[in-house]
Amino acid sequence: MSARAFIVAAAQFPVFSPNTWNEVDALVAQWVANAVARGAKLLVFPEYGSMSIAHLDAATRSDLHGQIAAMQTHRETWLTLHRRLAQAHQVYILAGSYPWTLADGRTVNRAWFCAPDGRAEYQDKAVMTRFEREQWNIWSEPPLKLFDTALGKIAVNICYDSEFPLLARAACEAGAEIILVPSCTDTLAGYYRVKIGAQARALENQCYVIQSPIVGEAAWSPAVDINIGSAGVYGPPDRGFPDDGVIALGPLNEPQWLYAEINPEKVAEVREFGAVRPFRHWPESAAALVVPQPL
């Protein structure tokens, strides 16, 4: 294994129905311990991986908007849990994203990235789906951030964000070698949209893209009642990577960790010596003009 290589663990994390905070704490801690036991240094949890917390408040658990207000009671405890686990195990953890209400009353979709020294920084989702903006009233909150870590330079595109090439492009132009894509999709088509987006971003930017979905059903929840997906680790189909760009792919809808070896050195190599150079040649596509031609 190269000096820069490490193991990533991408969660196919299940929705569940906890009745106490201790159940939440115990489940997340066990999942982290399991990944660490397999040698993982970067652990990725999915978009809205926190939503099972809504089950703790019986009065609001079936209320699409009331559950967000109730979940604010637990948000700092959720963050503290992941910071503690990252520090205790000396790993990086992207926590399951949380509907986080700001001081001005707007709620954003916030994923906290926790470091081995106990520090944490967040990435908010940039582009909202129709459900988030039309029914749930979740707001976008730029900018994108680049996390400069001991493992490499990492960016986060939350679910739908992965379907917009300019977001990943901006992160990679800033230095990103790895893009994390936590996701939450309630149809097979939705899962494939994110998967195809993740693979396209890996191709265009000649980088690693890691998808982590929430899976399972929670009939009590109006937000995450049905969840479909599988974790995936993708790269460009070129020098040093699989011919189809699929480094690892989990079984659909089964709760588990998906593991893969990541070597950021391969990103620089493929960008320089690959059969094609889409990362370097991107400006040529951006300069193209469409000229109407009447026939």
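Scroll up to find the structure.
A brief structural summary. (Residues numbered from 1 in each chain as written. Predicted model: local features only at pLDDT ≥ 70, side-chain atom pairs only at ≥ 80, totals over all residues. Heavy atoms only, no water.)

**Some details on the overall build of the protein**
Tallying secondary structure elements over the protein gives eight helices and 15 strands in all. Taking 2.2 N^0.38 as the reference for a compact globule, 295 residues should give roughly 19 Å; the C-alpha atoms of the protein span a radius of gyration of 19 Å, in line with that estimate. Within the protein, the fraction of its 295 residues that count as buried is 55%. If you take every contact in the protein between residues at least 6 apart in sequence, the share linking residues at least 24 apart comes to 69%. Working note: accessible area of the protein is about 12,700 Å², and carbon and sulfur atoms make up 54% of it. Across the protein, the centroid of the 24 positively charged side chains sits 4 Å from that of the 31 negatively charged ones. (Helix = DSSP H or I, 4+ residues; strand = E, 2+ residues; numbered from the N terminus. Rg over C-alpha atoms; globule rule 2.2 N^0.38 Å. Buried < 20%, exposed > 50% of the residue type's maximum accessible area, 1.4 Å probe, protein only. Contact = heavy atoms within 4.5 Å. Areas by Shrake-Rupley, 256 points an atom, 1.4 Å probe, with all protein chains shown as cover. Lys, Arg positive; Asp, Glu negative; His and termini not counted. Charge placed at Lys NZ, Arg CZ, Asp CG, Glu CD.)

**Observations regarding the environment of V91**
The residue V91 is located in the loop between α3 (75-89) and β3 (92-94) in this model. With a relative accessible area of 1%, V91 lands in the buried category. For the pair formed by V91 and C114, sequence separation is 23 residues and the distance between their alpha carbons is 8.3 Å. Apart from residues no more than four positions distant in its own chain, V91 is found in contact with V36, A40, K41, L43, L85, A86, C114, A115 and P116.

**Thoughts on the packing of helix α5 (residues 165-173) against helix α8 (residues 278-286)**
Between α5 and α8, the least distance of the axes is 12 Å, while the angle of their chain directions is 120°. It follows that α5 is oblique to α8 by the angle criterion. Remark: the crossing between α5 and α8 carries left-handed chirality. On α8, the residues that touch P165, L166, R169, C172 and E173 of α5 are P278, F279, W282 and P283. Its residues placed into classes, the contact of α5 with α8 shows seven nonpolar, no polar and two charged. (Axes fitted to C-alpha atoms, helices over the stretch in contact; angles between N-to-C directions. Parallel < 35°, antiparallel > 145°, perpendicular 65-115°, else oblique. Left-handed = near helix turned anticlockwise from the far one by under 90°. Nonpolar A, V, L, I, M, F, W, Y, C, P; charged D, E, K, R; others polar.)

**Structural notes on the environment of P242**
The topology assignment puts P242 in the loop between β13 (232-234) and β14 (246-249). Aside from chain neighbours lying at most four places away, what touches P242 is P236, P237 and I247.

**Thoughts on unusual backbone geometry**
The omega angle of the peptide bond from P142 to P143 is 10°, so this bond is cis rather than trans. Here P143 shows up in the loop between β7 (138-139) and β8 (147-148). In this structure, Y48 takes a positive phi of about 55° despite not being glycine. Looking at where Y48 falls in the secondary structure, it is placed in the loop between β2 (40-44) and α2 (66-71). Looking at Y48, the relative accessible area reads 4%, which means it is buried. The phi dihedral of C159 falls on the positive side, at around 45°, and the residue is not glycine.

**Regarding the pattern of salt bridges**
Counting across every chain of the model gives 14 salt bridges. D124 is paired through a salt bridge with R110; the nearest N and O atoms lie 2.7 Å apart. Of the two residues, D124 sits in strand β6 (residues 120-124) while R110 sits in strand β5 (residues 107-114), which places them 14 residues apart along the sequence. As far as the burial class goes, D124 and R110 line up, both buried. Salt-bridge contacts for K125 lead to E132; the nearest nitrogen and oxygen are separated by 2.8 Å. Judged by its relative accessible area of 1%, K125 falls in the buried class. Where salt bridges share partners, they join E47, K125 and E132 into one cluster. (Salt bridge = Lys/Arg side-chain N within 4 Å of Asp/Glu carboxyl O.)

**Here's the deal with the packing of aromatic side chains**
By the definition in use, this model includes 16 aromatic pairs. Taken together, a centroid distance of 5.3 Å and an interplanar angle of 85° make the contact between F13 and F45 edge-to-face. Taken as a pair, F13 in strand β1 (residues 6-14) and F45 in the loop between β2 and α2 lie far apart in primary sequence, 32 residues in all. Considering the side-chain rings of F131 and W136, the 5.6 Å spacing of their centres and the 40° angle between planes classify their relative orientation as tilted. Look at W136 and you get buried, because its relative accessible area is 2%. (Phe/Tyr/Trp six-rings, centres within 6.5 Å; stacked < 30°, edge-to-face > 60°.)

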